[in-house]
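Here is what each chain is made of, one letter per residue.
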Amino acid sequence: LQGIFVLGLPYALLHSGYSGLLLIVLAAALCCYTGKILIACLYEENEDGQLIRVRDTYEDIANACCKKLCPCLGGIVVNVTQVVELIMTCILYLVVSGNLLSHSFPYAPITEKTWSVVAFVTLLPCIFIRTLKIVSKLSQLCSLVHFVIIFVVITYCLTQMHQWSWAKFRLSLEFEDFLVSVGVIIFSYTSQIFLPTLEGNMKNPGEFRCMLNWTHFFACILKTTFALTAFLTWGEKTKEVITDNLPSFLETLVNLCLLTKALLSYPLPFFAATEIVYSCISKDNHSNYPSPLLALTVRGSFLLLTLLMAMFTPHFALLMGLSGSVTGAAMTFLLPSLFHLKLKWKKLSFLEKCVDISVFILGFLCSLAGVVCSIKGMLEVFG
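Everything quoted here is computed from the prediction, not taken from an experiment. (Residues numbered from 1 in each chain as written. Predicted model: local features only at pLDDT ≥ 70, side-chain atom pairs only at ≥ 80, totals over all residues. Heavy atoms only, no water.)

(A) Local environment of the side chain of Gln-82. Here Gln-82 lies in helix α5 (residues 73-104). On the basis of relative accessible area, Gln-82 is assigned to the buried category, the value being 5%. Among residues more than four places away in sequence, those in contact with Gln-82 are Tyr-58, Ile-193, Ile-276 and Met-331. (Helix = DSSP H or I, 4+ residues; strand = E, 2+ residues; numbered from the N terminus. Buried < 20%, exposed > 50% of the residue type's maximum accessible area, 1.4 Å probe, protein only. Contact = heavy atoms within 4.5 Å.)

(B) Inspection of the pattern of salt bridges at higher detail. What the rule picks out here adds up to 5 salt bridges. For Glu-44, the salt bridge is made with Lys-344, and the minimal N-O distance between the two is 3.9 Å. Placement of the pair is Glu-44 in strand β1 (residues 43-45) and Lys-344 in helix α14 (residues 316-344), with a sequence separation of 300 residues. The salt bridge partner of Glu-199 is Arg-53, with a shortest N-O separation of 2.9 Å. Remark: Arg-53 occurs in strand β2 (residues 51-53) and Glu-199 occurs in helix α9 (residues 195-200); sequence separation between them is 146 residues. Judged by relative accessible area, which is 2%, Glu-199 ranks as buried. (Salt bridge = Lys/Arg side-chain N within 4 Å of Asp/Glu carboxyl O.)

(C) Summary view of the packing of aromatic side chains. What the rule picks out here adds up to 7 aromatic pairs. Between Tyr-58 and Phe-339 the ring centres are 6.2 Å apart and the planes differ by 75°, which places this aromatic pair in the edge-to-face class. Remark: Phe-339 occurs in helix α14 and Tyr-58 occurs in helix α4 (residues 58-65); sequence separation between them is 281 residues. Look at Phe-339 and you get buried, because its relative accessible area is 6%. (Phe/Tyr/Trp six-rings, centres within 6.5 Å; stacked < 30°, edge-to-face > 60°.)

(D) Representation of the state of the cysteines. Within the structure shown, the criterion is met by 0 disulfides. For the unlinked cysteine Cys-41, the closest cysteine sulfur is that of Cys-65, found at 6.3 Å. We note that Cys-220 lacks a disulfide partner, and the nearest cysteine sulfur, in Cys-32, lies 11 Å from it. By relative accessible area, Cys-220 is classed as buried at 10%. (Disulfide = S-S within 2.5 Å.)

Here it is as structure tokens:
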């Protein structure tokens, strides 16, 4: 999903001007910070002052925060939020795959929804994915394809350097368009859902903060370079997905790369969502022996659900925007800052408390603005 958002960054610059460049840097810093405080909530100090990992998941953090009010309430809210966002992401990959196939083979007498079914068939082996190792290998291939796409676009833009002009940047901004840009930029960095599992599977968890710093730093550099070179190349003609600006021969190549990326990206959110649901069902059954048949049923049901929603949900993009504004902002800004304040209040300095509260307010405003824009779009579509 981050790759898809990255392709919209030049369009975001079109509507945000110079402030968009600042937003790309600010979003990297904020998402890096909330990732760190979320992982900090997994640890508590023992009697010797050493940090011990006492929680394993986002759900455990939420339950720890709500244990006096209702021990399971926080975990239920977090799990539902995570599953909704992950499933919406999976559906988006199917919709995007159908769209890319349709554009790559425009003369084939096949509808976009039928192409989505073709993409779905290639994803059927996801039912048999049982470990994170397989998912990580697919994600590595996905990252490689992503770099190929970025390299092709930037290389083409550099060949058009003689057309560049800083006069293309806007000074005056339209508020609604600016909010859309904020959403695209912020959510191109979101990864908080996966961080507790990622940190728990690292050979040396002590290097997590350093890893987060460097990955967000390089992501910021890459995204700024990509967005800037593409926008300077096309200016006011910049389209929502920058690949639509490329010459036809390059557009087809990049679209096929994007299709590969979308299909390789699908297993990660799919695996994460099914694992959450499966773990919840296993807890309710109080069984010490996980059922392989139950796991296959859960995965198969989720796979079919993503196809049905991709096929029959009208105006899915608007629905994705609405759910993303709520779940994305909640998982990235609202909950990490709220949980950090709740669990670490006595040990936080005044400045750290101010930063957490500021992040929470910013996340709330982003979420509210996204919801308003999405609802307005739905009202316009449905008349």
